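The residues making up each chain are set out below.
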Amino acid sequence: MIDFHCHLDLYPDPHGVAARCADHGLYVLSVTTTPSAWRGTAALADGAQGIRTALGMHPQLAHERAAEVPLFDELLAQTRYVGEIGLDGGPEFTAHWSTQLAVFTHVLDACARAGGRIMSIHSRRAATAVLDLLESHTGAGIPVLHWFSGNRRDLERAISVGCWFSVGPAMLRSGRGRELAALMPRDRILTESDGPFAQIDGAALMPWQVRDALLVLADLWRTSAADVENAIQDNLKALLKIAPDTRDPGPVTAQ
């Protein structure tokens with residue numbers, strides 16, 4: 001199974017969760033919310049072949065952590081993955097919109113200069129602005145829109161821009177989420193948990209619960225969960241094949 005967007009470092013027992021991911025044979029993209037969290041989070045992948053660590057600057061924290069942008073630039077050469085990055089158009093973050101834009105633009109510019117990265121992107125209530133910036137930064141890499149919640153026109157535009165999508169059990173619980181997922185190109189979909197932020201019935205989702213997303217996709221695609229799981233695995237292989245890997249080959253490089 002594949003969890004392409006998980007905040008592994010934010011679980012109460014991140015080492016225990018990482019160990020269980022290894023036991024389950026999961027491929028996990030462990031995203032971070034700040035550059036200063038990257039090294040410690042990358043350490044969770046030690047001895048876990050299937051865990052990859054992404055370098056992030058979460059839009060909800062951009063106004064508090066803008067001073068970490070130089071650290072982002074310093075660490076970027078060490079990872080193939082960037083996330084969680086993006087924009088958040090929620091009313092509680094309106095006052096910080098200009099900072100979000102500046103930070104996200106900088107991140108995309110940095111990724112482009114570095115040769116491109118696989119990017120896990122937040123776009124809550126900000127799909128238009130995110131797509132505008134992706135269209136003007138085509139060299140930044142492969143954008144994977146996590147828990148996409150834009151409208152149908154936004155989705156069509158995202159598809160034309162070349163975006164991929166990661167969908168999870170929490171997103172797929174809503175009719176709108178399922179409707180969007182049904183319209184996404186099947187060869188550009190990955191599964192995610194978004195745990196521990198994403199919850200169902202008050203309980204944080206765990207990485208291995210991406211299986212619940214497979215079951216919903218199987219219903220939407222009118223096929224078996226096994227067929228969906230194979231398709232998602234094929235999608236990940238395709239993504240890794242087309243995405244550039246321009247990391248520094250030094251000994252501290254994260255997978």
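Residues numbered from 1 in each chain as written. Predicted model: local features only at pLDDT ≥ 70, side-chain atom pairs only at ≥ 80, totals over all residues. Heavy atoms only, no water.

All right, on to the overall build of the protein then. Counting its secondary structure elements, the protein contains 10 helices and 10 strands. In terms of C-alpha radius of gyration, the protein reaches 17 Å, essentially the compact-globule figure of 18 Å for 255 residues. In terms of principal-axis extent, the alpha carbons of the protein reach across some 45 × 45 × 35 Å. Sorting the 255 residues of the protein into buried and exposed places 53% on the buried side. Taking contacts inside the protein between residues at least 6 apart in sequence as the whole, the part at least 24 apart equals 71%. Of the roughly 10,700 Å² that the protein leaves accessible, carbon and sulfur atoms contribute 50%. When the 22 basic and 29 acidic side-chain charges of the protein are each reduced to a single mean position, those positions are 5 Å apart. (Helix = DSSP H or I, 4+ residues; strand = E, 2+ residues; numbered from the N terminus. Rg over C-alpha atoms; globule rule 2.2 N^0.38 Å. Buried < 20%, exposed > 50% of the residue type's maximum accessible area, 1.4 Å probe, protein only. Contact = heavy atoms within 4.5 Å. Areas by Shrake-Rupley, 256 points an atom, 1.4 Å probe, with all protein chains shown as cover. Lys, Arg positive; Asp, Glu negative; His and termini not counted. Charge placed at Lys NZ, Arg CZ, Asp CG, Glu CD.)

The strand order across the open sheet built from 5 strands is E4-E5-E6-E7-E8, with neighbouring strands paired in parallel fashion. Of all the strands in the sheet, just strand E4 (81-86) and strand E8 (189-191) have a single pairing partner and so form its edges. The mean angle between the axes of side-by-side strands here comes to 30 degrees, regardless of whether they run parallel or antiparallel. Where E4 lies against strand E5 (residues 117-122), 4 bridges are found, and the strand directions are parallel. Across the sheet, residue Val82 finds its bridge partner in E5, namely Met119. Helix-sheet contacts for helix H5 (residues 97-113) involve E4 and E5, and the interaxial angle to E4 is about 160 degrees. (Pairing = 2+ DSSP bridges. Axes fitted to C-alpha atoms, helices over the stretch in contact; angles between N-to-C directions.)

Helix length check: H5 (17 residues) gives 24 Å between terminal C-alpha atoms against 24 Å at 1.5 Å per residue, within 8%. Of the positions making up H5, those classed as buried are Gln100, Val103, Phe104, Val107, Leu108, Ala110 and Cys111. Viewed along the axis of H5, the buried residues span an arc of 160 degrees, placing them on a single side of the element. Exposed positions of H5 whose direction lies more than 90 degrees from the buried face are Ser98 and Arg113. Next to the buried residues of H5 lie helix H3 (62-65), helix H4 (69-75), E4, E5 and helix H6 (127-135). Directly beyond the C-terminal end of H5, a positive phi value near 100 degrees is found at Gly115. (Expected span 1.5 Å × (residues − 1). Arc of directions from axis to C-beta.)

Reading across from one edge, E1-E2-E3 is the order of the 3 strands in this open sheet, with parallel pairing throughout. The sheet is open, and its two borders are formed by strand E1 (2-6) and strand E3 (51-53), each paired with just one other strand. Mean inter-strand twist for the sheet, computed between neighbouring axes without regard to direction, equals 15 degrees. Inspection of the sheet shows strand E2 (residues 27-30) paired to E3 by 3 bridges, in the parallel sense. Its bridge partner being in E3, Val28 is matched across the sheet by Ile51.

Taken as a whole and judged by the stated rule, the model has 2 aromatic pairs. A ring pair is formed by Phe4 and Tyr81, whose centres lie 6.5 Å apart and whose planes are at 70 degrees; its orientation type is edge-to-face. Of the two residues, Phe4 is situated in strand E1 and Tyr81 in strand E4; the sequence distance between them amounts to 77 residues. On the basis of relative accessibility, which here comes to 0%, the residue Phe4 falls in the buried class. The interplanar angle of 70 degrees and the centroid separation of 6.0 Å between the aromatic rings of Phe148 and Phe165 together place this pair among those described as edge-to-face. Taken together, the positions of Phe148 in the loop between strand E6 (141-146) and helix H7 (152-161) and Phe165 in strand E7 (residues 164-167) put the pair 17 residues apart, joining distant regions of the chain. Across the pair, Phe165 and Phe148 agree in class, each one buried. Over the aromatic face of Trp208 sits the side chain of Arg20, whose NZ or CZ is 4.1 Å from the ring centroid. (Phe/Tyr/Trp six-rings, centres within 6.5 Å; stacked < 30°, edge-to-face > 60°. Lys NZ or Arg CZ within 6 Å of the ring centre and 35° of its normal.)

The buried fraction of E5 amounts to 6 of the 6 residues, a majority that puts the element mostly inside the structure. A two-sided burial pattern is seen for E5, the buried positions comprising Arg117, Met119 and Ile121 on one face and Ile118, Ser120 and His122 on the other. Each parallel crossover has a hand, and for E4 linked through H5 to E5 it is right-handed. The parallel pair E5 and E6 is bridged by H6, and the resulting crossover is right-handed. (Right-handed = clockwise from strand over helix to strand, strands pointing away.)

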